[in-house]
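This is what each chain is made of:
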Amino acid sequence: MSSRDHIVRIFEILLAALLGALLTITVVRYREDRRIATAKYGDWRKLNLILDIVGRNYVDTIDLQGMTDAAVASALAELDPHSAYLPPVRHQAAQEELQGNFDGIGIQFNVPNDTAIVLEVIAGGPSEKAGLQVGDRILKVDDKVIAGVRFPQDSMVRRMRGPSGTKVTVTVSRGKETIPFEITRGKIPVHSVDAHFMVDDRIGYIRLTKFTRTTFVEFHEASQALKDEGMEHLIVDLRDNSGGYLDQAILLSNEFIARGDTILYMEGLHREREVYRADGRGDLLKMPLTVLISENSASSSEIFAGAIQDNDRGSVVGRRSFGKGLVQEPFDFTDGSGIRLTVARYYTPSGRCIQKPYEGYDYDIYNRYTDGEIFSRDSVRLDSSDVHYTKKGRIVYGGGGIMPDVFVPMDTTRASRFFIDCNRKATQMRFASRVFDRNIGRLSSIDNYADMDAFFASASLEENFRRFARSEDGITATDEEYMETLPYLLPQLKALVGRYSKLGENAFYKYYLPVDTTVEAALEAIGAPPTGK
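Before going into details, it helps to say that this report is about the structure given with it. (Residues numbered from 1 in each chain as written. Predicted model: local features only at pLDDT ≥ 70, side-chain atom pairs only at ≥ 80, totals over all residues. Heavy atoms only, no water.)

1. Some remarks on the nonpolar core
Counting 51 residues, the largest nonpolar core has Phe418, Leu443, Met452, Phe455, Leu461, Phe465 and Leu489 as its most contacted members. Considering each element in turn, this core owes the most residues, nine residues, to helix 16 (residues 479-498). In this structure, Leu208, Ala249, Leu252 and Ala305 belong to the second largest nonpolar core, which totals 38 residues. (Core = buried A, V, L, I, M, F, W, Y, C linked by side-chain atoms within 4.5 Å. Buried < 20%, exposed > 50% of the residue type's maximum accessible area, 1.4 Å probe, protein only. Helix = DSSP H or I, 4+ residues; strand = E, 2+ residues; numbered from the N terminus.)

2. Considerations on the pattern of salt bridges
A full pass over the atoms with the stated rule returns 28 salt bridges. We note a salt bridge from arginine 56 to aspartate 52, for which the minimum N-O separation is 2.9 Å. Of this pair, arginine 56 and aspartate 52 are both found in helix 2 (residues 43-57), four residues apart, which corresponds to roughly one turn of the helix. Residue aspartate 364 pairs with lysine 356 through a salt bridge whose shortest N-O separation is 2.8 Å. A relative accessible area of 18% means that aspartate 364 is categorised as buried. Counted as one network, the salt bridges with shared partners bring together Arg320, Lys356, Asp364, Arg368 and Glu373. (Salt bridge = Lys/Arg side-chain N within 4 Å of Asp/Glu carboxyl O.)

3. Observations concerning unusual backbone geometry
Phi at aspartate 142 takes a positive value of approximately 55 degrees, unusual for a residue other than glycine. Overall, aspartate 142 belongs to the partly exposed group, its relative accessible area being 36%. Phi is positive for alanine 426, which is not a glycine, with a value near 55 degrees. Assignment of secondary structure puts alanine 426 in the loop between helix 11 (417-424) and helix 12 (427-438).

Quick look at the structure:
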């Protein structure tokens, strides 16, 4: 190699090295700039940056709305079990359930035999105006056949619901006729008081299924009606009531609690302590009270039960409640979505927070079954370190729901093989539908319990059901087994048939009471102070 070539080669090597260094510096500078740019963002702005980078650089077309929803849902999942993101459809459904109304056609139906049967036509609602009747079988919604094709019940509901003012055609079978009804949807009230009636001459019963915007008004009207019938003691049934609006629980508690006594207080990192006290203006301040709860009673139900228990205002009967001591605040967005964010904890008057631990949250109720708590008070795990005292000095515990004053285990001892087989095939529901079909004129006109009792006396439910179970489902029982089953089978049959009368849900719950062990325990305890047993 000549000296000239050697010099050129050295120059090329130096040039390559220089370019490499420049490239390295550029890449490092670029990376440093990225790091600096990222570091300048707060934690939430970093999320926006990442989504922006994905949107501008990802190899394929992406669903930005879906990614945003997923990112928000995942972020909130890091908080607590009740802080949640609600996409527009879920958000609307949640609002309808709690606001006390929704857009629809105004019927209640059941599906005992793969065909929806109208159980109730709401008075003054769109369906009543169009001419639908109790007992109609729904065959089609618009052009979609929903009868006899195992059509999902929730899908039936979605097809019938829709914005007020829009039309839907519901085709029904009535006797031998097939009738299409064009119905204009409207606002339909959602009731939170499922039933109210007198158990006997002095004891009233109100079943409350949720805490909506109309709960206090509905409850007040129901309690006043029972007072007019001579009520001297009230049973409030909150079993399986998952809660709802906080203010409704406060208003309801205020009906019973003396002036100045605490209903609850709540506080959080960004929420100063707020104490809610009774104003002494309630209409039921002197009314003896029993509250029923279960493992599925939560939130506002626990606020009410806790206020009653801590103030020694009444007896709480049932099983340990769910254990939700967190307060959510809604934040709604213009696209129809929203979040429900936990902003505080609430505390019962004695100072206990009944929120259960987050660990194993989704399996807690299941674990109560497997651990035996549902079946025995001795298996209930109470936090003995979290002790509080009621107004009269009784011990109560925090850290996981409201423990009732009178514990009622779930009773599984009376279920015979015959009864279990019938439940598995919903034989009782289909039998009730058959009874209605054959007595539609008489049943549809019954609006009082005397006439209902007279109907049952002539209906031979015991013999007819046994024949129905054998012929329709191939379920048989020995004479001895059937006689052992009747004491808890017959009230169930009466409840299901009674629902087809004008008495509706009132009939269902009233006739079911004889086999309701929690109500039985409450009735035994009425007239005596809580035993704490």
